[in-house]
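The primary structure of each chain is shown beneath.
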Amino acid sequence: MYYDGNTPIVLKWANLSNGKAYMKMNGDKLQSPYSNYYSTVKNAWPNASSRVQVVQASFSASTVDFITPTSDAWSDLVGYWRIGEVSGYCRAQTTDGFIVDNMESAKVSNGKISYASIYVTPHLDVCDTETYRKKTMIHEIGHALGLGHANRGPYATNVASVMNQGKTSYYTPQAHDVNDLIPKY
Ligand SMILES: [Zn+2]
């Protein structure tokens with residue numbers, strides 16, 4: 001959940017099936033080594049929470065796409081000066097046509113995400129281990145589900161969370177993350 005300092009912003013995935021967030025996912029545009037982790041990453045949230053369902057879909061039919069961009073495209077997405085510090089980026093679109101990729105944009109939309117592109121850095125020296133790469137991919141799916149950073153912002157906490165920003169020792173969804181999904185789905 002994102003916060004604006006006073007109130008929670010109830011950002012959520014739009015497409016539900018039996019009350020669960022229902023994501024149609026594709027990893028065709030991932031490069032190695034990320035492509036090797038895709039099947040594990042795809043199942044991380046459904047394995048942790050009964051409120052999330054993920055199915056495999058073709059690129060043309062998917063609602064969540066994983067992409068390893070070129071270096072130039074990555075630079076355009078995150079800003080040249082941030083190349084050395086950002087490992088993943090979730091660019092979400094809402095049903096009312098907004099692009100959500102931070103708290104400010106989350107506040108102006110109706111809060112229902114219908115599509116997300118999840119980019120992972122082509123700079124493997126930045127995202128330099130298998131566990132950190134998987135964590136980055138799982139963390140970005142958390143953003144598509146409407147979760148913000150656990151360890152940043154007005155309600156920052158040090159509890160275990162895969163939604164902590166930066167290199168942490170939590171690589172899969174934790175109890176805090178699963179609980180954060182409950183008001184949404
Ligand atoms: Zn993040």
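Let me sum up the structure you'll find in this document.

Rules used in this analysis
- Counting restarts for each chain, with residues numbered from 1 along the sequence as it is written.
- At least 70 in pLDDT is required for a residue's local features to be given in this predicted model, at least 80 for side-chain atom pairs to be given and counted, and no such filter applies to totals for whole chains, interfaces and linings, which use all residues.
- Secondary structure elements follow DSSP: runs of H or I of four or more residues count as helices, runs of E of two or more count as strands, with numbering from the N terminus.
- Remark: C-beta atoms are placed from the backbone, and a residue is labelled buried if 20 or more other C-beta atoms sit within 10 Å of its own, exposed if 12 or fewer do, or partly exposed between those counts.
- Placing C-beta atoms from the backbone, we regard two residues as in contact once those atoms come within 7 Å.
- DSSP bridges decide pairing: two strands pair if at least two such bridges lie between them.

### Concerning the overall build of the protein chain
And step 1. Looking only at helices and strands, the protein chain has six helices and 10 strands in total.
And step 2. On the principal axes, the C-alpha backbone points of the protein chain span a range of 35 × 35 × 30 Å.
And step 3. Residues counted as buried form 36% of the 185 residues belonging to the protein chain.
And step 4. Here the analysis covers contacts within the protein chain between residues at least 6 apart in sequence; of these, 65% occur between residues at least 24 apart.

### Regarding the environment of Asn-26
And step 1. Tracing the sequence through the fold places Asn-26 in strand E5 (residues 20-29).
And step 2. A count of 20 C-beta atoms within 10 Å places Asn-26 in the buried class.
And step 3. For the pair Asn-26 and Asp-125, spaced 99 residues apart in the sequence, the C-alpha separation amounts to 25 Å.
And step 4. Beyond its immediate stretch of four places on either side in the chain, Asn-26 contacts Ala-57, Ser-58, Phe-59, Ser-62 and Asp-65.

### So, the pairing of E5
And step 1. As paired elements, strand E4 (residues 16-17) and E5 share two bridges and run antiparallel to each other. Looking at the pairing, Ser-17 lines up with Lys-20 of E5.
And step 2. Turn length for the E4-E5 hairpin, with the two strands adjacent in sequence and antiparallel, is two residues, and the turn residue Asn-18 shows positive phi of about 55°.
And step 3. Pairing of E5 with strand E6 (residues 52-56) involves five bridges; the strand directions are parallel. Bridge pairing in E6 places Met-25 opposite Gln-56.
And step 4. Where E5 and strand E7 (residues 64-67) come together, three bridges link them in parallel fashion. Its bridge partner lying in E7, Met-25 is registered against Val-64.

### Observations regarding unusual backbone geometry
And step 1. Across the junction of Ser-32 and Pro-33, the peptide omega takes the value 10°, indicating a cis bond.
And step 2. When you line up the elements, Pro-33 lands in the loop between E5 and helix H1 (34-42).
And step 3. The phi dihedral of Asn-18 falls on the positive side, at around 55°, and the residue is not glycine.
And step 4. Checked against the element boundaries, Asn-18 lands in the loop between E4 and E5.

### Details of the environment of Asp-125
And step 1. Counting through the fold element by element, Asp-125 comes out in the loop between strand E10 (112-120) and helix H5 (130-144).
And step 2. Classification of Asp-125 by C-beta neighbours within 10 Å gives exposed; the count is 7.
And step 3. For the pair Asp-125 and Met-103, spaced 22 residues apart in sequence, the C-alpha separation works out to 28 Å.

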